[in-house]
Amino acid sequence: MAAFRPRYYSPQEVSVHNRPTDLWLSFLGRVYDLTPLAKEYKGDLLLKPLLEAAGKDISHWFNPKTKDIQMHINPLTGCLKYYTPQGRFVHIPPPLPRSDWANDFGVPWWKDSRYEVGILSTKTRHIRIINTLTSQEHTLEVCSEESMWEILRRYLPYNAHAASYTWKYEGVNLDMDRNLEQNHIPDEDEEFFNLNMDADAFTPAILLYFNDDLTEF
């Protein structure tokens, strides 16, 4: 079976990819795996800012309108140049002309769709999943945009037969093609925050009822 790749990633999931041999970044709502780039430029000083930002969101490096690196007027030349206060990095040209800079790389990495692996979730949620057959309970952090099928995929490490169950919330069967909000499982984090209450103490519970088959993904 081919490995399943999620559509959405939480900031926590991106943050664990923070090494030269496993280097992810997020920016402008997308998640990128720059591990191949890090391997290609291993030992290059221009890789340093990317290594320091590994596992983090770098949207502030970009102009959200142009989706390009921020620009400024270079005080030395008076010309419009890329603004890189964190230090010049891979595919950014030098501030002054140099004969040793190779610009034959084609598309810069931040415009290269080959590195994109998914979408950064705008909001994550915690849910409890209770197996009524075994009474086992697990709390998962999920992306609010994900369908119930995608959430089921996250639950598979705890129950390989998760698809053999009917998923219910407050006695109502869930539409597995819809997300939590669309299944009328409201996100009340903001309300609890305004009331100075701990939202984790009121994590919604999804109940699983066994269907007497052994479906596996």
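All figures in this text were calculated on a predicted structure; none of them were measured in a lab.

## A look at the environment of Leu207
Thinking step 1. Assignment of secondary structure puts Leu207 in strand β14 (residues 205–210).
Thinking step 2. A sequence separation of 92 residues divides Leu207 from Tyr115, and the C-alpha atoms of the two residues are 38 Å apart.
Thinking step 3. In this structure Leu207 touches Ile130, Thr132, Thr166, Trp167 and Lys168, once residues within four positions along its chain are discounted.

## Examining the UniProt feature "domain: Cytochrome b5 heme-binding" (unreviewed entry) in the chain
Thinking step 1. Using the residue numbers shown here, the UniProt feature "domain: Cytochrome b5 heme-binding" (unreviewed entry) corresponds to residues 6–72.
Thinking step 2. End C-alpha atoms of residues 6–72 are separated by 37 Å, and the span's content is 24% helix alongside 30% strand.

## Notes on the pattern of salt bridges
Thinking step 1. Overall, the coordinates contain 13 salt bridges when judged by the stated rule.
Thinking step 2. Among the ionic pairs, Glu137 bridges to Arg128, the shortest N-O distance being 3.4 Å.
Thinking step 3. Since its relative accessible area comes to 41%, Glu137 is described here as partly exposed.
Thinking step 4. Since its relative accessible area comes to 27%, Arg128 is described here as partly exposed.

## Section: the sheet that holds strand β10 (residues 124–131)
Thinking step 1. Pairing is mixed across the open sheet formed by 5 strands, whose spatial order is β11-β10-β14-β12-β13. The open sheet has two edge strands with one neighbour each: β11 (137–143) and β13 (172–173).
Thinking step 2. With 4 bridges connecting them, β10 and β14 associate as parallel partners. The residue of β14 that forms the bridge with Ile130 is Leu207.
Thinking step 3. Lying on the sheet, helix α4 (residues 148–155) is in contact with β10, β11, β12 (165–169) and β14; it crosses β11 at an angle near 130°.

## Topic: the sheet that holds strand β4 (residues 30–33)
Thinking step 1. Taken together, the 5 strands give an open sheet; going across it, the order is β1-β9-β4-β3-β2, and neighbouring strands pair in mixed fashion. This sheet does not close on itself; its edge strands, each paired only once, are β1 (8–9) and β2 (18–19).
Thinking step 2. Sheet topology places strand β3 (residues 22–27) next to β4; 4 bridges connect them, and they run antiparallel. Across the sheet, the residue bridging to Trp24 is Asp33, located in β4.

## Section: the packing of aromatic side chains
Thinking step 1. Evaluation of the coordinates by the stated rule reveals 13 aromatic pairs.
Thinking step 2. Ring geometry for Tyr9 and Trp24: centres 5.2 Å apart, planes at 85°, overall edge-to-face. One end of the pair, Tyr9, is in strand β1; the other, Trp24, is in strand β3, and 15 residues separate them in sequence.
Thinking step 3. The buried category is assigned to Tyr9, whose relative accessible area is 7%.
Thinking step 4. A ring pair is formed by Phe27 and Tyr32, whose centres lie 4.2 Å apart and whose planes are at 5°; its orientation type is stacked.
Thinking step 5. Tyr32 gets classed as buried once you look at its relative accessible area, which sits at 8%.
Thinking step 6. By the ring-pair criterion, three or more aromatic residues cluster together here, those being Phe27, Tyr32, Trp61, Phe62, Tyr82, Phe89, Trp109 and Trp110.
Thinking step 7. Sitting over the face of the ring of Tyr115, Arg114 holds its NZ or CZ atom 5.6 Å from the ring centroid.

The rules behind the values
- Residues numbered from 1 in each chain as written.
- Predicted model: local features only at pLDDT ≥ 70, side-chain atom pairs only at ≥ 80, totals over all residues.
- Heavy atoms only, no water.
- Helix = DSSP H or I, 4+ residues; strand = E, 2+ residues; numbered from the N terminus.
- Contact = heavy atoms within 4.5 Å.
- UniProt positions renumbered as here; feature names shortened; annotations may be inferred.
- Salt bridge = Lys/Arg side-chain N within 4 Å of Asp/Glu carboxyl O.
- Buried < 20%, exposed > 50% of the residue type's maximum accessible area, 1.4 Å probe, protein only.
- Pairing = 2+ DSSP bridges.
- Axes fitted to C-alpha atoms, helices over the stretch in contact; angles between N-to-C directions.
- Phe/Tyr/Trp six-rings, centres within 6.5 Å; stacked < 30°, edge-to-face > 60°.
- Lys NZ or Arg CZ within 6 Å of the ring centre and 35° of its normal.

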